[in-house]
Amino acid sequence: MRKAIFITGGASGIGRAIAERFGREGWFVGLGDIDEEGMAGTEALLPGGYSFSHRFDVRDRAAWDEALDGFATAAGGRIDVVANNAGIPLGGSLIENSVEEIERCLDINLKGVLFGAQAAYPWLKKTATGSCLLNTASAAGIYGTPGASVYSATKFGVRAITESLDGEWAADGIAVRSLMPGFI
């Protein structure tokens, strides 16, 4: 049976690159994003008939269940990998960041990862051993830099979530890993 990966933030950037890589390897690829046009662009790069897209906001916990249920149905009932990749940058001095900017970055970059993990768990447990939750952190989650305090805090948080869940889910045969790319 064809393996299946669901990728948030799949409309561009790292998410698109992940989709292209797994698509080339014959996986059924699912995309989740708020950018429908971008997802269509990513789907156009994948082998025909082996992809699925669903518009949703990772900050909405119920929308996660809807997205993964739809993807699993399209993928033949399985999800092997969830790439928890959606995220946004926030630069500038902390004292210059607005409350709205800070809350949006925290909600997408942290709540989105936590909600994605909650929603993915039953699907990944079903395909374990060998399933994986792949969280996109950042080199900014290894060292803080001036002008990126909020973003760095969220990516340090993603690393912590990853390490904690890897321990929690090991007995279930689910690997939890993170990507930590430099500036993209």
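Just above, that's the structure.
Residues numbered from 1 in each chain as written. Predicted model: local features only at pLDDT ≥ 70, side-chain atom pairs only at ≥ 80, totals over all residues. Heavy atoms only, no water.

Next up on the list: the overall build of the protein. In terms of helices and strands, the protein carries five helices and six strands. For 184 residues, the compact-globule estimate of 2.2 N^0.38 gives 16 Å, and the protein sits close to it at 16 Å. A principal-axis box enclosing the C-alpha atoms of the protein has dimensions of 50 × 40 × 30 Å. The burial tally for the protein puts 47% of its 184 residues in the buried class. Considering only intrachain contacts with a sequence separation of at least 6, the fraction spanning at least 24 residues in the protein is 62%. A total of about 8,700 Å² of accessible surface is found on the protein, and carbon and sulfur atoms cover 55% of it. (Helix = DSSP H or I, 4+ residues; strand = E, 2+ residues; numbered from the N terminus. Rg over C-alpha atoms; globule rule 2.2 N^0.38 Å. Buried < 20%, exposed > 50% of the residue type's maximum accessible area, 1.4 Å probe, protein only. Contact = heavy atoms within 4.5 Å. Areas by Shrake-Rupley, 256 points an atom, 1.4 Å probe, with all protein chains shown as cover.)

The next subject is the sheet that holds strand β6 (residues 174-179). Read from one edge to the other, the open sheet built from six strands follows the order β3-β2-β1-β4-β5-β6, with strand pairing classed as parallel. Each edge of the sheet is formed by a strand with only one pairing partner; in this case those strands are β3 (51-55) and β6. On average, each strand axis in the sheet is tilted by 15° relative to the strand beside it, whichever way the strands run. Examined bridge by bridge, strand β2 (residues 28-33) and β3 share five bridges and lie parallel to one another. (Pairing = 2+ DSSP bridges. Axes fitted to C-alpha atoms, helices over the stretch in contact; angles between N-to-C directions.)

Glancing now at the environment of A17. Looking at where A17 falls in the secondary structure, it is placed in helix α1 (residues 13-24). For A17, a relative accessible area of 43% puts it in the partly exposed group.

A separate point is the packing of helix α3 (residues 61-74) against helix α4 (residues 99-127). Across the interface, α3 lies against α4 with an axial gap of 9 Å and an inter-helix angle of 40°. Relative to α4, α3 is oriented oblique. Crossing handedness for the pair α3 and α4: right-handed. Where α3 approaches α4, its residues R61, W64, D65, L68, D69 and A72 are matched on the opposing element by G112, F115, G116, Q118, A119, A120 and W123. (Parallel < 35°, antiparallel > 145°, perpendicular 65-115°, else oblique. Left-handed = near helix turned anticlockwise from the far one by under 90°.)

For the rest of this paragraph, the subject is α3. For α3, spanning 14 residues, the distance from its first C-alpha to its last is 20 Å, which sits close to the expected 20 Å at 1.5 Å a residue. Within α3, burial applies to A63, W64, A67, L68, F71 and A72. Projected down its long axis, α3 shows its buried positions confined to an angular sector of 160°, all on one face. Exposed residues lying more than 90 degrees from the buried face of α3 are A62, E66 and T73. Considering only its buried residues, α3 is in contact with β1 (4-8), β2, β3, β4 (81-84) and α4. (Expected span 1.5 Å × (residues − 1). Arc of directions from axis to C-beta.)

Let us now look at the environment of T162. Mapped onto the elements of the fold, T162 is located in helix α5 (residues 149-169). Each C-alpha atom, one on T162 and one on A175, is 9.4 Å from the other, the two residues being 13 residues apart in sequence. Beyond its immediate stretch of four places on either side in the chain, T162 contacts N135, V176, R177 and S178. Separated by 2.8 Å, the side chain of T162 and the backbone oxygen of V158 make a polar contact. (Polar contact = N/O pair within 3.5 Å; in protein donor to acceptor, adjacent residues only side chain to side chain.)

Turning our eyes to something else, we now look at the packing of aromatic side chains. Summed over the entire model, instances satisfying the criterion amount to seven aromatic pairs. Between F6 and F56, the aromatic rings sit 6.2 Å apart at their centres with planes inclined by 35°, giving tilted as the arrangement. Of this pair, F6 sits in strand β1 while F56 sits in the loop between β3 and α3, and the two are 50 residues apart along the sequence. Assigned by exposure class, F6 and F56 land together as buried. Considering the side-chain rings of F6 and F71, the 5.4 Å spacing of their centres and the 50° angle between planes classify their relative orientation as tilted. In this pair, F6 is assigned in strand β1 and F71 in helix α3, connecting sequence segments 65 residues apart. (Phe/Tyr/Trp six-rings, centres within 6.5 Å; stacked < 30°, edge-to-face > 60°.)

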